[in-house]
Amino acid sequence: MRSKWRRLTAAAAACITGVSLAACSSTEGASGAGGGSGSSGKVVVWAVQDDTLNPVVKAEMSKFNNANHASASLQTFVNDPYKQKLQTALGSPQAPDVFFNWGGGNLAQYVHAGDVVDLTSLLNGDPTWKAKFLPSVLNTAKIDGKYYGVPMEGVQPVFLFVNKAVMTKANITAMPATWDDLLTDVDKMKAAGISNPIALAGTQSWTELMWLEYLLDRVGGPQKFADIVAGKPGAWSDPAVVQALTMIQDLVKRGAFGSNFSAINYDNHGTEALFTTGKSGMQLMGSWELSGLVGTFPKFMKTGNLEWAPFPAVSNGAGDPKDIVGNPSNFYSITKSSKNVKTAEAFLKTVSSDDYVAQLIKIGQVPAIAGVESQLNTGNYPDYTQFVYGLVKNAPSFAQSWDQALSPSVAQTMLTDLQKVFLNKMSPQDFGKAMDAAK
């Protein structure tokens with residue numbers, strides 16, 4: 001049985017404010033490049049630019065400064081340039097005191113280089129504070145049995161965003177509960193003249209990766225990726241990986257993503273434009289997509305046509321249909337080169353304050369904080385936030401995005417070769433062989 005439609009009402013959508021990541025970097029509130037000044041209470045925080053979240057961080061930072069006679073400041077950068085800048089800065093005099101990261105393999109590289117403060121004693125020394133975080137999320141920043149980060153924003157599972165008007169045009173009356181349902185819906189949309197049934201930004205293969213992440217889980221269960229992370233010989237060539245990639249190539253050949261998906265870019269709102277103008281009926285994306293749609297396509301949001309659904313099940317697959325993938329959260333960590341570690345540690349505790357949690361909910365995020373179900377009803381769009389929280393709360397497995405869970409070098413090889421698979425320039429078998437050899 002297919003799941004029921006879920007809709008964000010036009011009235012609620014009209015209350016939302018915020019935009020997606022901007023196209024250039026900015027500096028907010030800090031004149032120095034890092035935290036090496038040694039001045040008492042001075043803490044420089046680096047983060048990715050997000051015009052919805054950054055004001056919330058700055059407001060909490062201002063309260064922290066006033067209460068602690070401190071001087072914490074925020075510097076923000078666009079996503080990909082930020083990753084490059086962070087790699088260069090950590091371990092140098094230009095490093096910040098606190099830095100935003102994705103946990104997993106992304107954080108592990110800095111931990112293994114000796115650039116990150118171990119927060120285990122800080123968390124264990126304040127069990128009430130530690131207990132505020134959802135354990136499955138907090139553990140994403142647990143490296144070699146020790147904690148090196150705390151969640152600083154909402155959970156970010158990936159799921160289907162749906163344009164109800166397109167579904168109605170194609171005579172589709174319910175969400176796809178199974179993979180076969182999804183294939184049928186693609187055929188119906190094509191027959192109704194929908195050029196790109198599912199919007200996909202093929203210029204950035206992390207958008208393609210989400211399809212592989214879910215299909216491997218649905219086909220083989222979470223242990224298949226766990227074997228990959230553990231470096232099990234031949235894990236990338238497992239029959240479940242080959243089957244998942246074959247299903248992707250079949251979907252591409254079916255015309256699900258249109259004929260020009262490889263030229264579509266996410267950062268310039270290419271997929272959102274297709275989705276909001278009725279040229280696409282679906283998009284597989286993370287929960288962060290809401291703020292991008294609201295900020296850039298407010299007219300669409302007022303129509304009430306935005307709906308959402310879990311990724312469908314695969315018949316006879318070993319994976320639980322309740323499993324999810326995405327970013328359990330993003331994290332704050334402290335650099336070892338900071339001369340104000342104690343102030344930085346105090347700043348980390350702002351991420352669980354009542355005011356900060358309430359503001360995250362207000363902007364549509366679902367905090368990685370236990371027991372917030374009742375608070376989620378107080379935001380501008382409770383149906384959406386309750387859906388997201390329910391996905392995370394009920395998921396037997398929440399797999400971190402592979403490009404963050406794996407080492408940067410392996411992740412880059414994976415993303416490059418995955419694009420070739422989507423373009424039918426590499427077979428699933430050859431992909432597995434190449435990845436088994438990747439270092």
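Each chain carries its own residue numbering, running from 1 in the direction its sequence is written. This being a predicted model, a pLDDT of at least 70 is required before a residue's local features are given, and a value of 80 or more before pairs of side-chain atoms are given or counted; all residues contribute to the totals for chains, interfaces and linings. Where side-chain values are given, they derive from all heavy atoms of the structure, hydrogens and water being excluded.

Trainee: Would you mind going over helix α10 (residues 205-220) in detail, with residue names and values included?
Mentor: Over its 16 residues, α10 extends 22 Å from the first C-alpha to the last, a length consistent with the 22 Å expected when each residue adds 1.5 Å. Residue burial is assigned from relative accessible area. The probe radius is 1.4 Å, only protein chains are included, and a residue is buried under 20% of its type maximum, exposed over 50%, and partly exposed in between. Comment: elements are numbered from the N terminus, with helices defined as DSSP H or I runs of at least four residues and strands as E runs of at least two. Burial of α10 is extensive: 15 of the 16 residues sit out of reach of the surface. Of the residues one or two after α10, Gly221 is the one with positive phi, at around 85°. Expected helix span is given by 1.5 Å per residue-to-residue step, counting one fewer step than there are residues.

Trainee: Can you lay out empty space enclosed by the protein for me, pointing to particular residues and giving the numbers?
Mentor: Cavity means a closed set of points on a 1 Å grid over the protein atoms alone, one where a 1.4 Å probe fits but cannot get out, pocket means an open set with protein on both sides within 12 Å along at least 5 of 7 lines, and lining means a residue has an atom within 4 Å of a point. Grid points are joined across faces, edges and corners, and a volume is the space filled by probe spheres set on the points. Summed over all chains, the structure comprises two cavities of 30 Å³ or more. Roughly 40 Å³ of internal volume is contained in the largest cavity. Taken together, Phe133, Pro151, Met152, Glu153, Val351, Leu360, Pro367, Ala368 and Ile369 make up the full set of residues lining the largest cavity. Taken together, the residues of the lining of the largest cavity break down into eight nonpolar, no polar and one charged. Of the pockets and cavities examined, the second largest cavity occupies roughly 30 Å³. Considering the residues around the second largest cavity, the lining is formed by Ala199, Leu200, Ala201, Thr207, Trp211, Thr271, Gln283, Leu284 and Met285. Ten residues, namely Ala, Val, Leu, Ile, Met, Phe, Trp, Tyr, Cys and Pro, are considered nonpolar, four, namely Asp, Glu, Lys and Arg, are considered charged, and the remaining ones, Gly among them, are considered polar.

Trainee: Break down the packing of aromatic side chains for me, with residues and values.
Mentor: We call Phe, Tyr and Trp rings a pair once their centres come within 6.5 Å, taking the six-membered ring for Trp, and we label the pair stacked below 30 degrees between planes, edge-to-face above 60, and tilted otherwise. Inspection of the entire model under this criterion finds 29 aromatic pairs. Aromatic side chains Phe77 and Tyr82 sit 6.0 Å apart centroid to centroid with 25° between the ring planes, which places their arrangement in the stacked category. Tyr82 gets classed as buried once you look at its relative accessible area, which sits at 0%. An angle of 45° between the planes, with centres 6.4 Å apart, marks the rings of Phe161 and Tyr384 as tilted. Within this pair, whereas Phe161 is found in strand β8 (residues 156-163), its partner Tyr384 is found in helix α19 (residues 382-394), the two being separated by 223 residues in sequence. Of the two residues, Phe161 and Tyr384, both sit in the buried class. Linked through ring pairs, Trp179, Trp211, Tyr214, Phe257, Phe261, Phe311 and Phe422 together constitute an aromatic cluster. Counted as over-ring charges are cases with an Arg CZ or a Lys NZ within 6 Å of the ring centre that also lie within 35 degrees of the ring normal. Of note, Lys349 hangs over the ring of Trp129, and the distance from its end group to the ring centre comes to 5.1 Å.

Trainee: Kindly report on the pairing of β8, identifying the contributing residues and their values.
Mentor: The side chains of a regular strand alternate, residue by residue, between the two faces of the sheet. When you tally the buried positions in β8, you get eight out of eight residues, the bulk of the element. When β8 meets strand β12 (residues 324-327), the two strands line up antiparallel, connected through two bridges. For Gln156, the partnering residue across the bridge sits in β12 and is Asn327. Note on pairing: DSSP must find at least two bridges between two strands before they are called paired. Relative to strand β11 (residues 306-309), β8 is paired through four bridges, and the arrangement is antiparallel. Each bridged residue has a counterpart across the sheet, and for Phe161 the counterpart in β11 is Trp308.

Trainee: Break down the environment of Gly145 for me, with residues and values.
Mentor: Inspection of the secondary structure assignment puts Gly145 in the loop between β5 (142-143) and β6 (146-147). The exposed category is assigned to Gly145, whose relative accessible area is 51%. For Gly145 and Pro176, which are 31 residues apart along the polypeptide, the C-alpha to C-alpha distance reads 39 Å.

Trainee: Kindly report on the nonpolar core, identifying the contributing residues and their values.
Mentor: In this structure, Trp179, Trp211, Tyr332, Met414 and Phe431 are the most contacted members of the largest nonpolar core, which totals 149 residues. Two residues form a contact once any of their heavy atoms are found within 4.5 Å. In this structure Trp179 touches Trp211, Leu215, Met247, Leu251, Phe311, Pro312, Ala313 and Val314, once residues within four positions along its chain are discounted. Take the buried residues of types Ala, Val, Leu, Ile, Met, Phe, Trp, Tyr and Cys, join any two whose side-chain atoms come within 4.5 Å, and each joined set is a nonpolar core.

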